[in-house]
Amino acid sequence: MMYYIIYVFQGAGLTGRRGNLIADSVQYVLNVLLTIPAIIYIDKWGRRPMLLIGTALMSFWLMLVGGLQGRFGEWGEVSGSRTWVITGHESATHAIIVCSYLFVCSFAITMGPVSWTYPAEIFPMRVRAKAVSFSTASCGGLNLALPWGVTQGLRSIAYETAVVLGTVRYGAFIHILFCFPETKGRTLE
């Protein structure tokens, strides 16, 4: 959502370069601000609840964005490119913008900080450095692959891209629910 927020907002019907830039900037400010309480309270809230709540909320917001786009959008053109776009439904445009902000807030206060903390806490000392390195490299590799996949999705299946990504988040919720132990309060050893 954060990588392609400009395209999401364009597809939602937000027009004008200045309006889009301001709306995009709000998302980044929200991301930074809501990461702060997560960092402060991660030891109080626990990793597992933050992961479960984060994946559930992010899945919900993505599904809602996909549903709104599917219901009110149609194929059209934005800046000379074929795009799934909402026109004439200002309330749907505003709802997608709000859902996008809530998605980012859900990520920033849960998954953002925990995804970097958790790998360092689940591996034993003898393999920790290599395991965390692999975790970081995997994150980087997937972040490299994501732009290719999302770009293709937006061009071909449009609003269903959000539904697919929401389904992946729901799958992550199930995986975390059954496979991730709580590490709050445990020593690294």
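Before any of the text, the structure's been laid out above.
What counts and how
- Just so you know, the residues in each chain are numbered from 1, in the order the chain's sequence is written.
- In keeping with the model being predicted, local features are shown solely for residues with a pLDDT of at least 70 and side-chain atom pairs are shown and tallied solely at 80 or more, while totals for entire chains, interfaces and linings include all residues.
- Just so you know, side-chain values use all the structure's heavy atoms and leave hydrogens and water out.
- Every helix listed is a DSSP run of H or I at least four residues long, and every strand listed is a run of E at least two residues long, numbered separately from the N terminus.
- Relative accessible area decides the class of each residue, using a 1.4 Å probe on protein chains only: under 20% of the type maximum gives buried, over 50% gives exposed, and in between gives partly exposed.
- Two residues form a contact once any of their heavy atoms are found within 4.5 Å.
- Throughout, the Shrake-Rupley method with a 1.4 Å probe supplies accessible areas, and for residues the shown protein chains are the sole cover considered.
- When charges are tallied, Lys and Arg are placed among the positive residues and Asp and Glu among the negative ones, while His and the ends of the chain are skipped.
- By convention, charge coordinates are those of NZ in Lys, CZ in Arg, CG in Asp, or CD in Glu.
- Inter-axis angles, ranging from 0 to 180 degrees, are taken between N-to-C directions of lines fitted to C-alpha atoms, where helices are fitted over the stretch in contact.
- When describing relative orientation, an angle under 35 degrees is termed roughly parallel and one over 145 degrees roughly antiparallel, while 65 to 115 degrees is termed roughly perpendicular and anything else oblique.
- For any helix crossing, the convention is left-handed if the near helix is rotated counterclockwise from the far helix by under a right angle, and right-handed if that rotation is clockwise.
- Amino acids outside the nonpolar list (Ala, Val, Leu, Ile, Met, Phe, Trp, Tyr, Cys, Pro) and the charged list (Asp, Glu, Lys, Arg) are all regarded as polar, and Gly is one of them.

Peer 1: Would you mind going over the overall build of the chain with me for this structure?
Peer 2: Of regular secondary structure, the chain possesses six helices and two strands. Seen in sequence order, the chain has helices and strands lined up from the N terminus as α-α-α-β-β-α-α-α. The C-alpha extent of the chain, read off along each of the three principal axes, is 60 × 30 × 30 Å. By residue count, 35% of the 189 residues in the chain fall in the buried class. For the chain, the proportion of contacts with a sequence separation of at least 24, taken over those separated by at least 6, is 74%. As displayed, the chain offers around 11000 Å² of accessible surface, 67% of which is attributable to carbon and sulfur atoms. A gap of 8 Å separates the mean positions of the 14 positive and 9 negative side-chain charges of the chain.

Peer 1: Sorry if this is basic, but what is going on with the packing of helix H3 (residues 47-72) against helix H4 (residues 90-122) here?
Peer 2: When two helices pack together, their arrangement is given by the angle between their axes and by how far apart the axes lie. At a minimum axis separation of 8 Å, H3 and H4 run at an interaxial angle of 155 degrees. What the angle tells us is that H3 and H4 run roughly antiparallel. Every pair of crossing elements has a handedness; the one defined by H3 and H4 is left-handed. Residue composition of the contact of H3 with H4, grouped by class: 22 nonpolar, seven polar and two charged.

Peer 1: How do you make sense of the side chain of Arg128 when you look at a structure like this?
Peer 2: Assignment of secondary structure puts Arg128 in helix H5 (residues 125-156). Those residues in contact with Arg128 that lie beyond four places of it in its chain are Ala120, Phe123 and Leu188.

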